[in-house]
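This is what each chain is made of:
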Amino acid sequence: LTRERYPVRRLPFAQVSEDDLAALERIVPGRVITDPEELEAPNVDWLRTVRGSSKVLLRPRTSQEVAHILRYCHERNLAVSPQGGNTGMVGGSVPVFDEIILSTTLMNQVMSFHDVSGVLVCQAGCILEELGRYVEERGFLMPLDLGAKGSCHIGGNVATNAGGLRFLRYGSLRGTVLGLEVVSRGHHCGPASQVLADGTILNCLTSLRKDNTGYDLKQLFIGSEGTLGVITAVSILCPPKPSAVNVAFLGCPGFAEVLQTFSTCRQKLGEILSAFEFMDAECMKLVELHLRLASPVRESPFYVLIETSGSGAGHDAEKLSDFLEQVLGSGLVTDGTLATDQRRIKMLWSLRERITEALSRDGYVYKYDLSLPVERLYDLVSDLRARLGPRAKHVVGYGHLGDGNLHLNVTAEAFDVSLLGALEPYVYEWTARQRGSVSAEHGLGFKKRDVLCYSKPPEALQLMQQLKALLDPKGILNPYKTLPARA
Ligand code: FAD
Ligand code: MLT
Ligand code: ZN
C-alpha cells in the first residue's frame, strides 16, 4: 500500500531485537504485543491507504511508563509512532516502516472533573464519546465533536488539533485545552551535550483559565502529530450543556443561496447558532447508496445542517421560525425539516457525519481538507468536476462551511497515479492562489507533509525543523511525518 504510492526511504534507526523486547517487557509487563494478527489493524490507517510493518505495539498505562519507553527507545535509537484511536485522515498514526507503535488505549482514566468550572482532566487515551457521556451526566458538554467520536482518543484529538462539528461555537482546541502533560525530552538547561533524550515528563497540566507565565508551551504540542512528544494527559474546559437544541436540515438551489442562508442565519440566530454544515447532492447520493440513509427533504443541489444551542426552548424556537420564514419566503431554501427530539436530531446529524464512511465504501478516496475564502469554497469542486470528467467516480464537496473549511473528496475504483497527477499539485496551487490552507483540520501526517510549503513560508518551516531538533534530536518520534521529506 504505502511505499509504492509514496516513495520514502527508511532512516537508519535500530531494529527491535530480542533484548529490546525483554527490556520493554520489564517496562510494560504483559503489554508488549508481537502477535502478527493483533498487529494487523494498528499497521493500517482508517482510510486503508497507508500500511506500516511494525512488529511491536506497546500499551503503557501511566506517564511514567511512557517516559521509560521513550528513554529506552532514545538510548537504543528505536523509532516510535504514537497512536490513539487510529482514525486520522493523513496517515500520521501508523508506522511507515517498523517503528514501534505506542498505543494510548489503556491510558483511559478520568483524573478529575470540577462541576463549577467545567474543567475535565483525563488521560490521553480516553475515547471522546465516553468523555462526552461522562461530562453530560454532570451537565456539561465536550467542546469538540466529530464523526469519529466512538473511537478517537482525546490525546489524538489534541495531537491533530482536530476541528470538527462544534468548532463554530466553541472554537479551537488551542483555546479550550487549558493544560497538557507531555512526555518529551531534552529540555534540560546547559551545554548541548546535556540536551539528552531522556523521556522527561513535562507537567503543564494546569486547570487555570488564565496563565500568562511566559511561553505557552502546550501550544507547541497541540497539532504536533506525535512528532515532538507523547501527550499523556489533557486538561480541557467544558461548556455547560445547552438545554435547548434544534437541528434544521434544509435544501438550497445553489451555492450562492447556501452562502446567503449562512449570512441570514448569523443575523437572525445570532448567539444560539452552534453549527453550520453543508453537503452537495453527490454526498447525499452516496449516503443513500452506501448507507441506506434516506434524505428527509426533496432532492436539491445543496443541503445545509443548522444547529442551534441555547438555554430557552421558547426563545430559540421563535428565533428559528423567524429565520425559516425568511429563507423559505425568499427562495434561499426550497425545502426543509426541523428536529427537536434527541432521536431525530441524531438522525439528521448522521446524514452529515457519515459522509466519510459512505465515501470509503465508494472506492479509493483522494481526500482534501482545505481552508478557503467562503465565497470561493465551492468553485474548486465545480472546477475539478469539469477537469476530471469521467476519470473520477465521484467528486464531492462538504464540510464546515461556517468555518470556511471545505472537504473536497474524489473517489475512483482504485488508486491511479494519473488521476493523482491530475489532482496534485493542481488542488494545492489553486488553494495557495486563494491564500488558503492545504490542511484546515486534519494535519499533515505522512501523506501531506510535502505540501506544507503551499501554506507556510520557508522561514516558518525552518523554525519548525529547529524545534523538532531541539525536542527530538535523534528524530525518533513519529519519523516521516509532518515535516517535509525534502529539507
Ligand atoms: P490517531 O489517528 O491515532 O493519531 C493521529 C495523529 O496524532 C498521529 O500523528 C499520531 O501519531 C498522533 N497521536 C495520537 N495520539 C497521540 C498522543 N497521545 N500523543 C502524541 N501524538 C499522538 N478530524 C477533524 O479534525 N474534524 C472532523 O470533523 C473529523 N471527522 C472525522 C470523521 C471520521 C468518520 C473519521 C474516521 C475521522 C475524522 N477526523 C476528523 C479525523 C480524526 O478523527 C482526527 O484527526 C482525530 O483527532 C484523530 O484522533 P485519534 O485518536 O484517532 O488519533
Ligand atoms: C468531516 O468533517 O466529516 C471529517 O473531517 C472527515 C472527512 O473529512 O471526511
Ligand atoms: Zn471535518
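Since we're looking at a predicted model, the values are computed, not measured.

### Some details on the nonpolar core
Phe 278, Ile 306 and Leu 408 are the most contacted members of the largest nonpolar core, which has 81 residues in total. When neighbours within four sequence positions are excluded, Leu 408 is seen to be in contact with Tyr 366, Lys 367, Tyr 368, Leu 370, Leu 380, Val 381, Leu 384, Val 395, Val 396 and Val 427. Grouped together as the second largest cluster of nonpolar side chains are 30 residues, Phe 140, Leu 144, Cys 152 and Ile 154 included.

### Points about the site of ligand 1
Taken together, the neighbourhood of ligand 1 is formed by 36 residues, with Pro 82, Gly 84, Gly 85, Thr 87 and Gly 88 sitting nearest. At 2.6 Å, a backbone N or O of Pro 82 approaches an oxygen atom of ligand 1. Starting from 970 Å² of accessible surface for ligand 1 in isolation, the protein chains cover 96%. The set of elements that each furnish at least two residues to the shell around ligand 1 consists of strand E3 (80–83), helix H6 (154–160) and strand E9 (230–237). A per-element tally of the shell around ligand 1 places H6 first, with 5 residues.

### Description of the pattern of salt bridges
The full count for this structure, using the stated rule, is 22 salt bridges. The partner of Arg 76 in a salt bridge is Asp 20, with the nearest N and O atoms 2.6 Å apart. Within this pair, whereas Arg 76 is found in helix H4 (residues 63–76), its partner Asp 20 is found in helix H2 (residues 18–27), the two being separated by 56 residues in sequence. For Asp 20, a relative accessible area of 1% gives the class buried. One connected set of salt bridges, linked through shared partners, spans Asp 145, Lys 149, Arg 166 and Glu 353.

### Structural notes on the coordination of the zinc ion (ligand 3)
Only His 400 (NE2), His 407 (NE2) and Glu 441 (OE) from the protein coordinate the zinc ion (ligand 3), and they sit 1.9 to 2.1 Å from it. Owing to a relative accessible area of 3%, His 400 belongs among the buried residues under this scheme. When its relative accessible area of 4% is taken as the criterion, His 407 is described as buried.

### Side note on the domain arrangement of the protein
Taken domain by domain, the protein consists of domain 1 (2–106), domain 2 (110–237), domain 3 (244–355) and domain 4 (363–442). For domain 1 versus domain 4, the separation of C-alpha centres amounts to 31 Å. Opposite the 6 residues of domain 1 that make contact, domain 4 presents 4 residues. Contact with domain 4 buries area across many residues of domain 1, yet Arg 5, Leu 47 and Met 89 alone supply 69% of it, more than any other trio. Our enumeration of links across domain 1 and domain 4 arrives at 0 salt bridges. At the surface where domain 1 touches domain 4, the tally comes to 0 residue pairs in polar contact (both at pLDDT 80 or more). The residue inventory of the side of domain 1 that touches domain 4, partitioned by class, reads 4 nonpolar, 1 polar and 1 charged.

### Some thoughts on the site of ligand 2
With respect to spatial proximity, the complete set of residues near ligand 2 consists of Arg 352, Thr 356, Lys 367, Tyr 398, His 400, His 407, Glu 441 and His 442. Within the side chain of Arg 352, a nitrogen or oxygen atom sits 2.7 Å from an oxygen atom of ligand 2. Note that an oxygen atom of ligand 2 is positioned 2.7 Å from one of the side-chain N or O atoms of His 442. Within the complex, 86% of the 260 Å² of free accessible area of ligand 2 lies under protein. Looking at the shell around ligand 2 residue by residue, the class counts come to 1 nonpolar, 4 polar and 3 charged.

Cut-offs used in this document
Residues numbered from 1 in each chain as written. Chains lettered and ligands numbered in written order. Predicted model: local features only at pLDDT ≥ 70, side-chain atom pairs only at ≥ 80, totals over all residues. Heavy atoms only, no water. Core = buried A, V, L, I, M, F, W, Y, C linked by side-chain atoms within 4.5 Å. Buried < 20%, exposed > 50% of the residue type's maximum accessible area, 1.4 Å probe, protein only. Contact = heavy atoms within 4.5 Å. Near = heavy atom within 4 Å. Polar contact = N/O pair within 3.5 Å; in protein donor to acceptor, adjacent residues only side chain to side chain. Areas by Shrake-Rupley, 256 points an atom, 1.4 Å probe, with all protein chains shown as cover. Helix = DSSP H or I, 4+ residues; strand = E, 2+ residues; numbered from the N terminus. Salt bridge = Lys/Arg side-chain N within 4 Å of Asp/Glu carboxyl O. Donors = N, O, S within 2.8 Å, 3.2 Å for Na, K, Ca; no water. Domains from an automatic or database assignment. Buried area = accessible area lost by both parts, 1.4 Å probe. Nonpolar A, V, L, I, M, F, W, Y, C, P; charged D, E, K, R; others polar.

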